[in-house]
2 protein chains.
Amino acid sequence: MGSSPARKRGPPGTSALPEEPTQARRFGKARSAQSAALLEDYAELIADLLANAGEARPTDIARRLGVAHATAVKAIARLKREGLATARPYRGVFLTDAGQRLAERVRARHRLVVDVLRALGVPAEAAEQDAEGIEHHVSDATLAAFARFLAER
Amino acid sequence: MGSSPARKRGPPGTSALPEEPTQARRFGKARSAQSAALLEDYAELIADLLANAGEARPTDIARRLGVAHATAVKAIARLKREGLATARPYRGVFLTDAGQRLAERVRARHRLVVDVLRALGVPAEAAEQDAEGIEHHVSDATLAAFARFLAER
DNA sequence: CTGAAAGTGTAGCCGTGGCTACACTTCCGG
DNA sequence: CCGGAAGTGTAGCCACGGCTACACTTTCAG
Ligand SMILES: [Mn+2]
Ligand SMILES: [Mn+2]
Ligand SMILES: [Mn+2]
Ligand SMILES: [Mn+2]
């Protein structure tokens, strides 16, 4: 292995396009951002329910997310496993300190993304819709640029 | 069912916040955008390999995506199932007409997202990184707004 | 021309995130 | 105060997208 290539390959260092490891790293980060997205949405939603309704019940969470209650329950179990939430049987779901911090960060990001989209001329409903997905793929550097843009425009 | 609510519920039409069905619809759309994301990335990448290397082999695709070749093969099987690609055993992967159209749309979106991020002051590598995820959540309305913004600025 | 390296295909494992079905608990309305 | 509706928990199904392992095919260096 490594002594006789099976097929042609351009001389190393000749490609002017994105190199393989770079692109692979980007895709990998996008994949992990995706896996965090679900937890982020749950944390944000649970915080919202706790603040606006006083409690967060699995069925309420499920209804807001548009999934079956059993689906929400399994996601809540994952939140608990990751130390973001706790729950008392038949008494609702609560956020740990880590969960609350996550929820706050997520809410701030969500609002900032919506504001930038609106500032760029995106119609209100499209901005809300797209932000729900985009918010999970915005790095701190991009977030900072967004804030600067809104301040300076 | 429907004649005796088990728990308190605010009077209908009183909530000033996003109504439940609206939010559920947004989350649902975000979920389906997510499931399309993988196909979009594969289509874009395969088109790129076909154009720049003359052929798209499972191992090349896998290396560029940073996954095992067996993972790429299974995704390619899904592309075939959905009518986006074809493959000849041991001879590489090809795009159907539908696959090529998808790849072109995806590439255009990808570039537009990167350009907007750059225009907003996001550093180059962060823009490339974030675009890889954001691109799958940009609606036509948002895309149009992005194009207008770049033209008018 | 041939043998070994690289590439390819396939099987099977796991975790996630959807779902339905069903039993158990809570909580009101009468 | 009690019976039924709503809510809750749990089990089990499926598709997807990762992975490793292993057998088979192709290709090229010698
Ligand atoms: Mn979201
Ligand atoms: Mn959000
Ligand atoms: Mn992408
Ligand atoms: Mn892309």
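See the structure printed just above.
To start, this report covers the structure provided alongside it. Counting restarts for each chain, with residues numbered from 1 along the sequence as it is written. The naming scheme follows written order: chains are lettered A onward, ligands numbered 1 onward. Local features are withheld for residues below a pLDDT of 70 in this predicted model, meaning they are given only at 70 or higher, and side-chain atom pairs are given and counted only at 80 or more; totals for whole chains, interfaces and linings count all residues. Note that water and hydrogens are dropped before the side-chain values are worked out from all heavy atoms of the structure.

1. Comments concerning the coordination of the manganese ion (ligand 4)
Residues and elements named next belong to chain B. Any nitrogen, oxygen or sulfur atom within 2.8 Å of a metal ion counts as a donor, with the limit raised to 3.2 Å for Na, K and Ca, and since water is left out, coordination shells can look unfinished. Looking at the metal site, the manganese ion (ligand 4) is ligated by Glu 44 (OE), His 110 (ND1), Glu 132 (OE), Glu 135 (OE) and Glu 135 (OE), spaced 2.2 to 2.6 Å from it. We note that the donor set of the manganese ion (ligand 4) lies within a single chain, spaced as E-x65-H-x21-E-x2-E. The distance between the manganese ion (ligand 4) and the manganese ion (ligand 3) is 3.7 Å, with Glu 132 acting as a donor to both metals. Taken together, the residues span a long stretch of sequence, with Glu 44 in helix α1 (residues 20-53) and Glu 135 in the loop between α5 (124-134) and α6 (140-152) at a distance of 91 residues. Only DSSP runs of H or I covering at least 4 residues are called helices, and only runs of E covering at least 2 are called strands; the numbering of each starts at the N terminus.

2. Some words on the interface of chain A and chain B
Taken together, the contact between chain A and chain B spans 48 residues of the former and 48 residues of the latter. Summing both partners gives a buried area of about 4,200 Å² for chain A against chain B, and 54% of it is carried by carbon and sulfur. Defined in terms of a 1.4 Å probe, buried area is the accessible area two parts forfeit on being brought together, summed over both. Per-residue buried area on chain A facing chain B is highest for A:Arg26, A:Phe27 and A:Arg64; these three make up 15% of the total on that side. The term salt bridge refers to a pairing of a side-chain nitrogen on Lys or Arg with a carboxyl oxygen on Asp or Glu at a separation within 4 Å. At the boundary of chain A and chain B, one finds 2 salt bridges. Residues B:Arg26 and A:Glu125 are paired through a salt bridge, measuring 2.9 Å at the closest nitrogen-oxygen approach. The term polar contact refers here to a pair of N or O atoms within 3.5 Å; inside protein, the definition further demands a hydrogen-donor-capable atom paired with an acceptor-capable atom, and it admits residues adjacent in sequence only when both atoms are side-chain atoms. If you look at where chain A meets chain B, you find 16 residue pairs in polar contact (both at pLDDT 80 or more). We call two residues contacting when some pair of their heavy atoms lies within 4.5 Å.

3. Looking at the coordination of the manganese ion (ligand 1)
Residues and elements named next belong to chain A. All of the protein donors around the manganese ion (ligand 1) are Asp 41 (OD), Glu 132 (O), Glu 132 (OE), Glu 135 (OE) and His 136 (NE2); their distances to the metal are 2.0 to 2.3 Å. Written as a sequence motif, the donor arrangement for the manganese ion (ligand 1) is D-x90-E-x2-E-H. Metal-to-metal, the separation of the manganese ion (ligand 1) and the manganese ion (ligand 2) is 3.7 Å; Glu 132 coordinates the two. Taken together, the residues Asp 41 in helix α1 (residues 20-53) and Glu 135 in the loop between α5 (124-134) and α6 (140-152) connect sequence positions 94 residues apart.

4. Quick word on the relation of the copies chain A and chain B
Mapping between the two chain copies consists of a rotation about an axis together with a translation along that axis. With an RMSD of 0.0 Å, the fit of chain A onto chain B corresponds to turning through 180° and sliding 0.0 Å along the axis. Those values place the two copies in the arrangement expected of a two-fold rotation axis. When C-alpha distances to the rotation axis are compared across chain A, the minimum falls at A:Ile134, with a value of 2.5 Å. Least squares is the method for superposing the copies, and the C-alpha atoms it fits come from residues with pLDDT of at least 70 in both.

5. Here we look at empty space enclosed by the protein
Every definition here rests on a 1 Å grid over the protein atoms only: cavities are sets of points where a 1.4 Å probe fits but cannot get out, pockets are open sets enclosed by protein on both sides within 12 Å along at least five of seven lines, and lining residues have some atom within 4 Å of a point. Grid points are joined across faces, edges and corners, and a volume is the space filled by probe spheres set on the points. Under the counting rule described, the total for this entry stands at 1 cavity of 30 Å³ or more. When its volume is computed, the largest cavity comes out at roughly 80 Å³. Around the largest cavity, the lining residues are A:Val113, A:Val116, A:Leu117, A:Leu120, A:Ile134, A:Phe146, B:Val113, B:Val116, B:Leu117, B:Leu120, B:Ile134 and B:Phe146. When residues of the lining of the largest cavity are traced back to their parent elements, those giving at least two are α4 (97-119) of chain A together with α4 (97-119) of chain B. Its residues assigned to classes, the lining of the largest cavity shows 12 nonpolar, no polar and no charged. Ten residues, namely Ala, Val, Leu, Ile, Met, Phe, Trp, Tyr, Cys and Pro, are considered nonpolar, four, namely Asp, Glu, Lys and Arg, are considered charged, and the remaining ones, Gly among them, are considered polar.

6. Brief notes about the nonpolar core
Put simply, a nonpolar core is a bunch of buried Ala, Val, Leu, Ile, Met, Phe, Trp, Tyr and Cys residues held in one set by side-chain atoms that sit within 4.5 Å of each other. To sort residues, take the accessible area from a 1.4 Å probe on protein chains only and compare it with the maximum for the residue type: under 20% means buried, over 50% means exposed, and anything in between is partly exposed. Counting residues in hydrophobic clusters, the biggest one holds 32 residues, and the most contacted among them are A:Leu117, A:Leu120, B:Leu117, B:Leu120 and B:Phe146. At the level of secondary structure, the elements contributing two or more residues to this core comprise α4, α5 and α6 of chain A together with α4, α5 and α6 of chain B. The residues contacting B:Phe146, other than those within four sequence positions of it, are A:Leu117, A:Leu120, B:Leu112, B:Val113, B:Val116 and B:Val138.

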